[in-house]
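The residues making up each chain are set out below.
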Amino acid sequence: ILNVEQGPQSLHVQEGDSTNFTCSFPSSNFYALHWYRWETAKSPEALFVMTLNGDEKKKGRISATLNTKEGYSYLYIKGSQPEDSATYLCAFDNYGQNFVFGPGTRLSVLP
Amino acid sequence: ETGVTQTPRHLVMGMTNKKSLKCEQHLGHNAMYWYKQSAKKPLELMFVYSLEERVENNSVPSRFSPECPNSSHLFLHLHTLQPEDSALYLCASSQDRSGDTQYFGPGTRLTVL
C-alpha cells in the first residue's frame, strides 16, 4: 500500500505571512506529483504537475519544489491572503497508474 | 467552472433506497474516475473508466455499481447502502489515464440514514 503524507494537518496564519507545507511520497516508481487546491463546497483545482527531480514551479504567489530522490515536495505561499484559505492536496502519480492522495493540509488565513 | 459537473450535490437516502449519482464532463476527456472521501480520510479511488471500459475496481462493495455509457457521462448506482457509506463522492476526468492531470467535479454529499 502506497503511503502519501502531508504536514501539518492544519495551519492558521495571519494575512501577509508566508507559509509552506510538505508532501512526502514513495521514492520508487515515481511518475509525477500533483498539487491541488480545494476550497470548501467547490471542486479541487489543479495547481501544479511536477515530474522532474529539482523541478520548481510558480503560479502567482504560490510555488512548489520537488525532490524525487528523497520523496518530498514543498508548497510555498508568499504573502498569504484570506482567499488562499483552502485544503491543499498532493497526489502521487504511481508510474502513470493511479493517483494516491495525501490527507491534505487545511490552511486558514486570518485577516 | 471546471468542466466537470455532478448531480445531485446533496443526497439523503435510506438503506433500502436505490439512487444514482451522475457525472458529466465537457472536456473531451477519455478517462473518468469515482473517488470517495470519508470524514478525516484521504480521497480513495473507487473506479476508473478509460474509453468507456472499466479498468479499475478498487475492492469496492457491490452495492456500488458504476456505469459509463459514453466518454462524457459516468454514473454511480447505489443500492442497499450502509450508514458508513455516507461520504463525499467526487468524479474526475483526464485526457487519458496515464499521468494526466485529473479535473474534478464539486462532489455529491451523500448521507445514508
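Structural notes, computed from the coordinates. (Residues numbered from 1 in each chain as written. Chains lettered and ligands numbered in written order. Predicted model: local features only at pLDDT ≥ 70, side-chain atom pairs only at ≥ 80, totals over all residues. Heavy atoms only, no water.)

## Brief notes about the pairing of strand β6 (residues 56–59) of chain A
Here's step 1: Here β6 of chain A runs beside strand β7 (residues 62–67) of chain A; their pairing, made up of four bridges, is antiparallel. Its bridge partner lying in β7 of chain A, Lys59 of chain A is registered against Ile62 of chain A. (Pairing = 2+ DSSP bridges. Helix = DSSP H or I, 4+ residues; strand = E, 2+ residues; numbered from the N terminus.)

## Side note on the sheet that holds strand β3 (residues 19–24) of chain A
Residue and element names in this part refer to chain A.
Here's step 1: Strand order in this open sheet of five strands is β1-β3-β8-β7-β6, and the pairing throughout is antiparallel. Looking at the sheet topology across the chains shown, the edges are occupied by β1 (5–7) and β6. Neighbouring strand axes in the sheet, compared pairwise and without regard to direction, differ in orientation by 15° on average. (Axes fitted to C-alpha atoms, helices over the stretch in contact; angles between N-to-C directions.)

## Some thoughts on the state of the cysteines
Here's step 1: Enumeration according to the criterion identifies two disulfides over all chains in this entry.
Here's step 2: Across the disulfide from Cys23 of chain A sits Cys90 of chain A; the S-S distance is 2.0 Å. In this structure the cystine formed by Cys23 of chain A and Cys90 of chain A twists about its S-S bond by roughly 80°; its chirality is therefore right-handed. Taken together, the residues Cys23 of chain A in strand β3 and Cys90 of chain A in strand β9 (residues 86–94) connect sequence positions 67 residues apart. Comparing Cys23 of chain A with Cys90 of chain A shows no difference in burial state: the two are buried.
Here's step 3: The partner cysteine of Cys23 of chain B in its disulfide is Cys91 of chain B, sulfur to sulfur 1.9 Å. (Disulfide = S-S within 2.5 Å. Buried < 20%, exposed > 50% of the residue type's maximum accessible area, 1.4 Å probe, protein only.)

## Considerations on the nonpolar core
All names here are of chain A.
Here's step 1: One finds Trp35, Leu75 and Tyr88 to be the most contacted residues of the largest nonpolar core, which totals 23 residues.
Here's step 2: For this core, the secondary structure elements donating two or more residues are β2 (10–14), β3, β4 (30–38), β5 (45–50), β7, β8 (72–77), β9 and β11 (105–110).
Here's step 3: Ranked by the residues each element gives to this core, the list is headed by β9, at four residues.
Here's step 4: The residues contacting Leu75, other than those within four sequence positions of it, are Thr19, Asn20, Phe21, Trp35, Leu47, Phe48, Ile62, Ser63, Ala64 and Tyr88. (Core = buried A, V, L, I, M, F, W, Y, C linked by side-chain atoms within 4.5 Å. Contact = heavy atoms within 4.5 Å.)

## Observations concerning the pattern of salt bridges
All names here are of chain A.
Here's step 1: For the structure shown, the criterion picks out seven salt bridges over all chains.
Here's step 2: The salt bridge partner of Glu39 is Arg37, with a shortest N-O separation of 3.1 Å.
Here's step 3: The exposure class of Glu39 is partly exposed, given its relative accessible area of 25%.
Here's step 4: Take Arg37: its relative accessible area is 12%, and that puts it in the buried class.
Here's step 5: Via salt bridges that share partners, Arg37, Glu39, Lys42, Glu45 and Lys59 belong to a single interconnected network. (Salt bridge = Lys/Arg side-chain N within 4 Å of Asp/Glu carboxyl O.)

## A closer look at the interface of chain B and chain A
Here's step 1: Taken together, the contact pairs 20 residues of chain B with 19 residues of chain A.
Here's step 2: Across the chain B-chain A interface, the total number found is zero salt bridges.
Here's step 3: Counting across the chain B and chain A interface gives four residue pairs in polar contact (both at pLDDT 80 or more).
Here's step 4: Listing elements by their share of the side of chain B that touches chain A, those giving two or more residues are β4 (31–37), β5 (44–50) and β9 (87–94) of chain B.
Here's step 5: Residues belonging to the side of chain B that touches chain A are distributed by class as follows: nine nonpolar, seven polar and four charged. (Polar contact = N/O pair within 3.5 Å; in protein donor to acceptor, adjacent residues only side chain to side chain. Nonpolar A, V, L, I, M, F, W, Y, C, P; charged D, E, K, R; others polar.)

## Quick look at the packing of aromatic side chains
Here's step 1: Taken as a whole and judged by the stated rule, the model has 14 aromatic pairs over all chains.
Here's step 2: Note on Phe101 of chain A and Tyr35 of chain B: the rings are 5.6 Å apart at their centroids and 90° apart in plane angle, and the pair reads as edge-to-face. Residue Phe101 of chain A is located in strand β10 (residues 99–101), and its partner Tyr35 of chain B is located in strand β4; the two belong to separate chains.
Here's step 3: Residue classification places Tyr35 of chain B among the buried positions, given a relative accessible area of 0%. (Phe/Tyr/Trp six-rings, centres within 6.5 Å; stacked < 30°, edge-to-face > 60°.)

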